[in-house]
Amino acid sequence: MQPILSVHNLNKYYGNQVGCKNMNLTLYPGEVVGVVGESGSGKTTFINSISGNLIPDSGKILIETGNETIDFLEISESLKRLLIRTELAFVHQNPRDGLRLDVSAGGNISERLMSIGQRNYGNIRQTIFKWLDKVEIDKSRADDFPRTFSGGMLQRLQIAKNLVTSPKIIFMDEPTGGLDVSVQAKILDLLRKLVRELNLSVVIVSHDLAVIRLLADKIIVMKNGEAVESGLCDQVLDDPQHSYTQLLVSSVLQV
Amino acid sequence: MNNVLKFKNKKNTVAAQDEIYNFAYLDENTKRMIRRALIKALCIPGYQVPFSSREMPMPYGWGTGGVQVTSSCLTTDDVIKVIDQGADDTTNAVSIRNFFKKTANIKTTEKTSQASIIQTRHRIPEEKLKEKQILVYQVPIPEPLAFLEPRYQETKKMHALSEYGIMHVKLYEDITKNGHIETAYAYPVKTNDRYIMDPSPIPKFDNPKMNNNPAIQLFGAGREQRIYAIPPYTEVTSLDFEDYPFDPSKAPHKCSICGSNESFLDEIITDDDGNRSFICSDTNYCNQRMENN
Ligand SMILES: Nc1ncnc2c1ncn2[C@@H]1O[C@H](COP(=O)(O)OP(=O)(O)OP(=O)(O)O)[C@@H](O)[C@H]1O
Ligand SMILES: [Mg+2]
Ligand SMILES: [Zn+2]
């Protein structure tokens, strides 16, 4: 099997400041790769650089669409934007960054459908209801505006909006950050359910090891912009090799 | 195309016009610049071409874009008609017509069929246009994506990449809220199966007339400094859904003057008791019907 996404020697600097350096990643279909590290370690820089939100300074990103291998940093802006709105999805930490607040919940979910050419209102409505159901939002809220939603509901709506067209790769930056602990747990449950049911291929960033342990198959541990350790999630967390990972594991997982 | 391409030679236009003005007010360099924009616009139907709008002796919002386009197309043997919401006799239409009479000394008409150039605000004449006629629209807001995205560079990209999903989101919201597509004016269209275009605030009733029209259709937005165009016989379709198809219908009334039930009607209050009636918004169409009866 071929990886759906592979990243080689990726570097991103902000002037002289390291954002992330010498990063590598391999994501196979149906796999979840978690990126973990303390605040400022470069997680957001990395995920933004491999999803088209930021342009890295150097490196290579290959995306397998099924028909061809796309050299993501070499393709035209137009192809890149097309890919971003069809094959890729990005779930932001703050759902307000990923939603249109002046468009109804259903309208938000409909956008990707219509941008790939769906033109049947009735079918689109049905798909919206189906996805609201999947993310556990009551159908009756379809026509309400996001501003009337709680933080957890907004995040679930953002997830539905992104998954509705079955994108090949889903990027998530701290999808449970900024939420109450009880709400976080519910979103995590939901994500775990969706990942299993839909066999999603995901790169997820979190500073919370528990989140990564729950969702990820593989893990990359970052510190000061670099990967200090990576491998199968269970292996790395059960038998951390790098002292920083050991510190992370001992401080977080005992709780 | 002939009229647009017939570049004026200064020497033979001097004849009887007011000496103070260059023919049709604008200087020849400006006209050349606008004609270039027009030709580019005709080559890429529905694409908005930036142009550098000139100060005109009328405020923005009063048709400065349309007037500059018309000026740049005019030749000495043109016959011009100006309508505002379909009527030849409103203050605005009269003043623009007088402007061209004075600065270009050309013939004017109210008859749609006799005009070689028709400048319009908010309507397309009822009478079918012909080849070699030019319809010039006055446009307040040329960008159909402006409601969503105020940044010019971003809308430019969206057009370039046909990122038009959001246009249907707008229609989706409309149906969801109202049970049908409520948009009745400035109803968005796709031109030549490529660019989404704002047809200016004409009623959706007029949208089908843009499609496959033998005349040249030019759109000028003065304040926003954009020109766009539909060449003759170009496909223009109104956005819709399969199960909510575009419906150009109008209020089911007859004109109380000429009796037409095919023309677009204005609702007017006829007396102090607030009684209402409907009359053709296209005054020339209505008058012609009365004369022929
Ligand atoms: N726009 C920017 N300009 C300059 N430096 C930046 C910028 N964004 C991030 N950095 C720096 O790059 C480094 C990595 O930041 P990044 O946001 O990627 O970390 P992070 O792991 O996502 O942190 P957090 O957990 O707080 O979200 C930090 O030192 C940060 O200060
Ligand atoms: Mg971050
Ligand atoms: Zn009438």
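Residues numbered from 1 in each chain as written. Chains lettered and ligands numbered in written order. Predicted model: local features only at pLDDT ≥ 70, side-chain atom pairs only at ≥ 80, totals over all residues. Heavy atoms only, no water.

## So, the interface of chain A and chain B
So, step 1. With 23 residues of chain A in contact, the opposing surface of chain B contributes 20 residues.
So, step 2. Regarding the contact of chain A and chain B, the summed buried area is about 1800 Å², with carbon and sulfur atoms giving 58% of it.
So, step 3. Area buried by chain A at its contact with chain B is led by Arg81(A), Arg119(A) and Tyr121(A), which between them contribute 42% of it.
So, step 4. In this structure, Glu154(B) and Arg81(A) form a salt bridge, with 2.8 Å as the shortest nitrogen-oxygen distance.
So, step 5. Summed over the shared surface of chain A and chain B, the result is 12 residue pairs in polar contact (both at pLDDT 80 or more). (Contact = heavy atoms within 4.5 Å. Buried area = accessible area lost by both parts, 1.4 Å probe. Salt bridge = Lys/Arg side-chain N within 4 Å of Asp/Glu carboxyl O. Polar contact = N/O pair within 3.5 Å; in protein donor to acceptor, adjacent residues only side chain to side chain.)

## Quick word on the coordination of the zinc ion (ligand 3)
Residue and element names in this part refer to chain B.
So, step 1. Binding of the zinc ion (ligand 3) to the protein goes through Cys255 (SG), Cys258 (SG), Cys280 (SG) and Cys286 (SG), at separations of 2.2 to 2.3 Å.
So, step 2. Geometry at the zinc ion (ligand 3) is tetrahedral, judged from the 4 donor atoms that bind it and their angles of 106 to 117 degrees at the metal.
So, step 3. Linear spacing of the donor residues for the zinc ion (ligand 3) on their chain is C-x2-C-x21-C-x5-C. Residue Cys255 is found in the loop between β10 (236-238) and β11 (265-269), and its partner Cys280 is found in strand β12 (residues 276-280); the two are separated by 25 residues along the sequence. (Donors = N, O, S within 2.8 Å, 3.2 Å for Na, K, Ca; no water. Tetrahedral: all angles 85-135°; square planar, octahedral: opposite > 155°, others 65-115°. Helix = DSSP H or I, 4+ residues; strand = E, 2+ residues; numbered from the N terminus.)

## Quick look at the site of ligand 1
Residues and elements named next belong to chain A.
So, step 1. If you check the shell around ligand 1, you find 13 residues, and the closest are Ser39, Gly40, Lys43, Thr44 and Thr45.
So, step 2. The side chain of Ser39 places a nitrogen or oxygen atom 2.6 Å from an oxygen atom of ligand 1.
So, step 3. In isolation ligand 1 has 630 Å² of accessible area, and contact with the protein removes 59% of it.
So, step 4. Within the residue set of the shell around ligand 1, elements represented by two or more residues are β2 (17-27) and α1 (43-51).
So, step 5. A class-by-class count of the residues in the shell around ligand 1 yields 2 nonpolar, 8 polar and 3 charged. (Near = heavy atom within 4 Å. Areas by Shrake-Rupley, 256 points an atom, 1.4 Å probe, with all protein chains shown as cover. Nonpolar A, V, L, I, M, F, W, Y, C, P; charged D, E, K, R; others polar.)

## Looking at the nonpolar core
In a soluble, globular protein the nonpolar side chains are often hidden away together inside.
So, step 1. One finds Ile219(A) and Leu218(B) to be the most contacted residues of the largest nonpolar core, which totals 100 residues.
So, step 2. Apart from the residues within four sequence positions on either side, Ile219(A) is in contact with Gly34(A), Val36(A), Leu209(A), Ile212(A), Glu229(A), Ser230(A), Gly231(A), Leu232(A), Cys233(A), Val236(A) and Leu237(A).
So, step 3. Ranked by size, the runner-up nonpolar core spans 27 residues in total, among them Val7(A), Ile47(A), Ile61(A) and Ile220(A). (Core = buried A, V, L, I, M, F, W, Y, C linked by side-chain atoms within 4.5 Å. Buried < 20%, exposed > 50% of the residue type's maximum accessible area, 1.4 Å probe, protein only.)

## Considerations on unusual backbone geometry
All names here are of chain B.
So, step 1. The backbone phi angle of Asn212 is positive, close to 55 degrees, even though this residue is not glycine.
So, step 2. If you check the backbone angles, Tyr233 has positive phi at about 55 degrees while not being a glycine.
So, step 3. Mapped onto the fold, Tyr233 is located in the loop between β9 (226-230) and β10.
So, step 4. You can call Tyr233 partly exposed: its relative accessible area is 46%.

## Examining the sheet that holds strand β1 (residues 49-50) of chain B
Residue and element names in this part refer to chain B.
So, step 1. Judged by pairing direction, the sheet is mixed, and its 7 strands sit side by side in the order β1-β9-β8-β5-β4-β2-β3 without closing on themselves. With partners counted over all chains shown, the strands left at the sheet margins are β1 and β3 (107-108), one partner each.
So, step 2. With 2 bridges connecting them, β1 and β9 associate as antiparallel partners. Across the sheet, residue Val49 finds its bridge partner in β9, namely Ile227. (Pairing = 2+ DSSP bridges.)

## Focus: the domain arrangement of chain B
Residue and element names in this part refer to chain B.
So, step 1. Segmenting chain B into domains produces domain 1 (2-149 + 152-238) and domain 2 (252-293).
So, step 2. Taken together, the contact between domain 1 and domain 2 spans 16 residues of the former and 10 residues of the latter.
So, step 3. Roughly 980 Å² is buried in total at the junction of domain 1 and domain 2, and carbon and sulfur atoms are behind 46% of that figure.
So, step 4. At the junction of domain 1 with domain 2, the criterion picks out 0 salt bridges.
So, step 5. Applying the counting rule to domain 1 against domain 2 returns 8 residue pairs in polar contact (both at pLDDT 80 or more). (Domains from an automatic or database assignment.)

## Here's the deal with the pairing of strand β5 (residues 134-138) of chain B
Side-chain positions along a regular strand alternate between the two faces of the sheet.
Residues and elements named next belong to chain B.
So, step 1. Across the 5 residues that make up β5, a large majority, 5, are buried.
So, step 2. The side-chain alternation of β5 yields two buried faces, one formed by Ile134, Val136 and Gln138 and the other by Leu135 and Tyr137.
So, step 3. Here 5 bridges tie β5 to strand β8 (residues 216-221), and the two strands are oriented parallel to one another. Looking across to β8, one finds that Ile134 is bridged to Ile216.

## Remarks on the packing of helix α5 (residues 151-163) of chain A against helix α6 (residues 181-198) of chain A
Residue and element names in this part refer to chain A.
So, step 1. The geometry of α5 relative to α6 is characterised by a closest axis approach of 10 Å and an angle of 20 degrees between their N-to-C directions. In terms of their interaxial angle, α5 and α6 are classed as roughly parallel. Between α5 and α6 lies a crossing whose hand is right-handed. On α6, the residues touching Gly152, Gln155, Arg156, Ile159 and Leu163 of α5 are Val183, Ile187, Leu190, Leu191 and Leu194. (Axes fitted to C-alpha atoms, helices over the stretch in contact; angles between N-to-C directions. Parallel < 35°, antiparallel > 145°, perpendicular 65-115°, else oblique. Left-handed = near helix turned anticlockwise from the far one by under 90°.)

## Details of the side chain of Gln138(B)
So, step 1. Note on placement: Gln138(B) falls in strand β5.
So, step 2. At 2.8 Å, the side chain of Gln138(B) forms a polar contact with the side chain of Gln119(B).

## Notes on the pairing of strand β3 (residues 32-37) of chain A
Residues and elements named next belong to chain A.
So, step 1. Here β3 lies mainly inside the structure; 6 of its 6 residues are buried.
So, step 2. Neither face of β3 is exposed, since Val32, Gly34 and Val36 on one face and Val33, Val35 and Gly37 on the opposite face are all buried.
So, step 3. Alignment of β3 against strand β8 (residues 202-206), held across 5 bridges, turns out to be parallel. Among the inter-strand pairings, Val36 is bridged to a residue of β8, identified as Ser206.
So, step 4. Alignment of β3 against strand β9 (residues 218-223), held across 5 bridges, turns out to be parallel. Within β9, the residue paired with Gly34 across the bridge is Ile219.

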